[in-house]
Amino acid sequence: MDAPDNTLLLDLDGWEGPLDLLLALARQQKVDLREISILALTEQYLGFVEQARALRLELAADYLVMAAWLAYLKSALLLPREPEQDPDPEELALRLQLRLERLQAMREAGARLMARDRLGRDVFPRGAPEGLRTVRHARWQAGIYDLMSAYGRVSARNRPVMHVVADRPVMTLEAALARISALLGTRVSWSAIESFLPGQAQGAFRRSALASSFLAALELARQGRVELRQAAPFAPLYLRAPA
Amino acid sequence: MRTAGGTVPDDLLRAAEAILFAATEPLTPDAIRAHLGLAADLRPVLERLRAEYAGRGIELVERAGRWHFQTAADLAHVLRRDREEPRRLSRAATETLAIIAYHEPVTRAEVEAIRGVQISKGTIDVLMEAGWVRPAGRREVPGRPLLYATTPGFLAHFGLSSRRDLPGMEDLRAAGLLDPIDHAMAAFEVESPAEQD
Amino acid sequence: MRTAGGTVPDDLLRAAEAILFAATEPLTPDAIRAHLGLAADLRPVLERLRAEYAGRGIELVERAGRWHFQTAADLAHVLRRDREEPRRLSRAATETLAIIAYHEPVTRAEVEAIRGVQISKGTIDVLMEAGWVRPAGRREVPGRPLLYATTPGFLAHFGLSSRRDLPGMEDLRAAGLLDPIDHAMAAFEVESPAEQD
């Protein structure tokens, strides 16, 4: 811990990752990154990691990964060149240098950006603009036909209307009661309710006759004058005279 | 844009201009001076700025000793952009308009009686906004309710030369518009108090 | 303050000036035209307005195709008085913003590759909250990572007419420093299996 830059090197909090540390080391070496010695940089970095170890400082894993990779790069650069070696260590060194250049370029670009005349800090928009307004108007549309039909609708709604119920073919409950009572005496066994309807009954009249006959059957059953049988809901309904 | 001559230093003029522009409220000359941090007499600066902006789209004005920029008064119309959107009149509004046209002048209560349904405040407003209906005095009965009538704009829009051109009841009947086809339905129709117009 | 000559009608110039002055946001020529309600070519109008204001305390500037008035940069010292300095961006956020601006659109992993370190989730959030960075679709590679790009607000804030005006853009491009990031150096790659995109 004799060299003054050691204190800088061990200030771990200041580094944003191994690449950042490498860039700082490289800039100590040369301002122009294109002229740095990758080999020297590698040694500096490995020396830094060594010192951290000696001080029992815990280094984040990515610093150690970088150290391992740089140790590999260093040995590849120092060993006699094998023509077919892949990847080419010189190329790896060049890429590392390019990465450092790229990071430095972006760091400088960020600083230049922040130093620009910034809106709201150095230059200002109008403090109290009147503002622009977009006013939407409805252009109401209706035609004479709309008007006529609306008035027709209102008038028709208010005219007195006489409701006439048309004469419809029905079988009254009384008729059904009389018919079933009369027919029951002629039947010897269970007969479906449909067989009690008039033979000529069709359509609405047949439905009316069926409804009334059903009610009549219930009424007769209540009076004990008929017996009803149905095997299941909606199954045929059978009638017979009580035994 | 700089006028020739004048004894006001340019940098003072520019600074005052920028301060007034960026200010969120009208400024007294003292307030401007405080920003500048110097003891200059601002009166000639402000007067010259005002003169330079005279006739432009922006002007510098003084109100009760405070100065501010504003857009020129005659350009107020360009700051407002009007957009027309065609919209169909609602059924409630169409019926109300028809009743007013056939029975004018009528009160709102009378319109409601004829329609058999209440009408919302907005319905008549829409018709007035459209320029088809106008207030036409008051009926001299207790409460003096407002009367409504149609406008010349109404006749123009519907292509009528006078109200006598409105189709009569016989015309409506002939056109099949009085047939009570769906009136059982209409009677059941629910109309909310806050009718959409 | 009117420059001599010019083929721009005065009323058009005044109207455009008032609209830009009253606007709360930078305006595109189309937006100005919509307010004017006419189909004029606004380019000469805006160019002439810009020329007329050049050197004044207020300037007309174009940023990302939108125009607005702002105070002249050299007057910052009189305007900054009693204004709060906007929050300083962290180093990570500053570098991230620069990388996005110079490389856009980029993924978070690409930003991390250049910086050689993971960036925390909050870093991009800060830039988006400032209105300078926006999501810009996804890269069609496995995982479909989100892409980020800058906004018109970024250009307006930093006084750039377009991304071509970014400081040193051409030099960096010529030096190959903006080329697609080479992922070959696996050892440098930041390991971020659980990348939040």
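Residues numbered from 1 in each chain as written. Chains lettered and ligands numbered in written order. Predicted model: local features only at pLDDT ≥ 70, side-chain atom pairs only at ≥ 80, totals over all residues. Heavy atoms only, no water.

Engineer: Can you walk me through the overall build of chain A in this structure?
Structural biologist: From N to C terminus, chain A includes eight helices and four strands. Traced from its N-terminal end to its C-terminal end, chain A shows the element sequence α-α-α-α-α-β-α-α-β-α-β-β. Within chain A, buried positions represent 37% of all 243 residues. Considering only residue pairs separated by 6 or more positions, chain A has 54% of its internal contacts joining residues 24 or more positions apart. Accessible area for chain A stands at about 14,000 Å²; split by element, carbon and sulfur atoms hold 56% of it. (Helix = DSSP H or I, 4+ residues; strand = E, 2+ residues; numbered from the N terminus. Buried < 20%, exposed > 50% of the residue type's maximum accessible area, 1.4 Å probe, protein only. Contact = heavy atoms within 4.5 Å. Areas by Shrake-Rupley, 256 points an atom, 1.4 Å probe, with all protein chains shown as cover.)

Engineer: Explanation requested: the side chain of C:Gln70 in the structure shown.
Structural biologist: Along the polypeptide, C:Gln70 turns up in strand 2 (residues 66-71). Here the side chain of C:Gln70 touches C:His68 through a polar contact of 2.9 Å, side chain to side chain. When residues no more than four places from it in sequence are discounted, the contact partners of C:Gln70 are A:Leu119, A:Val123, A:Phe124, B:Phe21, C:Gly57, C:Ile58, C:Glu59, C:Val61 and C:Arg63. (Polar contact = N/O pair within 3.5 Å; in protein donor to acceptor, adjacent residues only side chain to side chain.)

Engineer: Help me understand the sheet that holds strand 3 (residues 106-107) of chain C, please; the structure alone is not making it clear to me.
Structural biologist: In a beta sheet, neighbouring strands are held together by backbone hydrogen bonds and run either parallel or antiparallel to one another. All names here are of chain C. Sheet architecture is open: three strands sit in the order 3-5-4, paired in antiparallel fashion. The sheet is open, and its two borders are formed by strand 3 and strand 4 (133-138), each paired with just one other strand. Two strands pair when backbone bridges link them, and strand 3 and strand 5 (residues 146-150) are joined in this way by two bridges, in the antiparallel orientation. Pairing of Thr-107 across the sheet is with Leu-147, part of strand 5. (Pairing = 2+ DSSP bridges.)

Engineer: Whenever I open this one, the interface of chain A and chain B confuses me. Can you help?
Structural biologist: Size of an interface: often given as the accessible area lost when the parts come together. Contact with chain A, which involves 34 residues of that partner, is made by 49 residues of chain B. Both faces combined, the contact of chain A with chain B buries some 4,100 Å², and carbon together with sulfur accounts for 60% of it. Broken down residue by residue, the surface that chain A buries against chain B is led by A:Trp140, A:Leu147 and A:Tyr151, which jointly contribute 22%. Put simply, chain A and chain B have two salt bridges between them. Note that A:Asp146 is salt-bridged to B:Arg88, the shortest N-O span being 2.7 Å. In this assembly, chain A and chain B are joined by twelve residue pairs in polar contact (both at pLDDT 80 or more). (Buried area = accessible area lost by both parts, 1.4 Å probe. Salt bridge = Lys/Arg side-chain N within 4 Å of Asp/Glu carboxyl O.)

Engineer: Mind showing me how you'd approach the layout of surface pockets here?
Structural biologist: Empty space among the atoms can be located by rolling a probe the size of a water molecule over them. Roughly 370 Å³ of volume is contained in the largest pocket. Looking at the largest pocket, it is lined by 20 residues, and the ones nearest its centre are A:Pro125, C:Thr24, C:Glu25, C:Pro26 and C:His68. Tallied by class, the residues present in the lining of the largest pocket amount to twelve nonpolar, four polar and four charged. Each of domain 1 (10-79) and domain 2 (84-161) of chain C contributes no fewer than three residues to the lining of the largest pocket. In this structure, the second largest pocket occupies an estimated 320 Å³ of space. Along the wall of the second largest pocket there are 16 residues; nearest its centre are A:Glu101, A:Gln104, A:Ala105, A:Glu108 and C:Leu177. (1 Å grid on protein atoms, 1.4 Å probe; cavity = no way out; pocket = protein on both sides within 12 Å on 5 of 7 lines; lining within 4 Å. Points joined across faces, edges and corners; volume = space filled by probe spheres on them. Nonpolar A, V, L, I, M, F, W, Y, C, P; charged D, E, K, R; others polar. Domains from an automatic or database assignment.)

Engineer: Which parts of the structure should I look at to understand the interface of chain C and chain A?
Structural biologist: On the side of chain A, 43 residues touch chain C, which itself brings 56 residues to the contact. In total, chain C and chain A occlude about 4,400 Å² of area from one another, counting both sides; carbon and sulfur atoms represent 63% of this. Between the two partners, chain C and chain A, sit three salt bridges. Taken together, chain C and chain A are joined by 13 residue pairs in polar contact (both at pLDDT 80 or more). When contributions to the side of chain C that touches chain A are tallied by element, the ones reaching two or more residues are helix 1 (10-22), strand 2, helix 4 (76-80), helix 5 (91-103), helix 6 (108-115) and helix 8 (152-157) of chain C.

Engineer: How should I be thinking about helix 6 (residues 108-115) of chain B in this particular structure?
Structural biologist: What sets the pattern is the α-helix's 3.6 residues per turn: residues three or four places apart point alike. Considered for burial, the residues of helix 6 of chain B that qualify are B:Val111, B:Glu112 and B:Arg115. Relative to the axis of helix 6 of chain B, the buried residues are bounded by an arc of 100° and lie together on one face. Residues of helix 6 of chain B that are exposed and point over 90 degrees away from its buried face: B:Ala109 and B:Ala113. Those residues of helix 6 of chain B that are buried are in contact with helix 6 (144-158) of chain A together with helix 5 (91-103) and strand 4 (106-107) of chain B. Immediately beyond the C-terminal end of helix 6 of chain B, within one or two residues, lies B:Gly116, with a positive phi of roughly 80°. (Arc of directions from axis to C-beta.)

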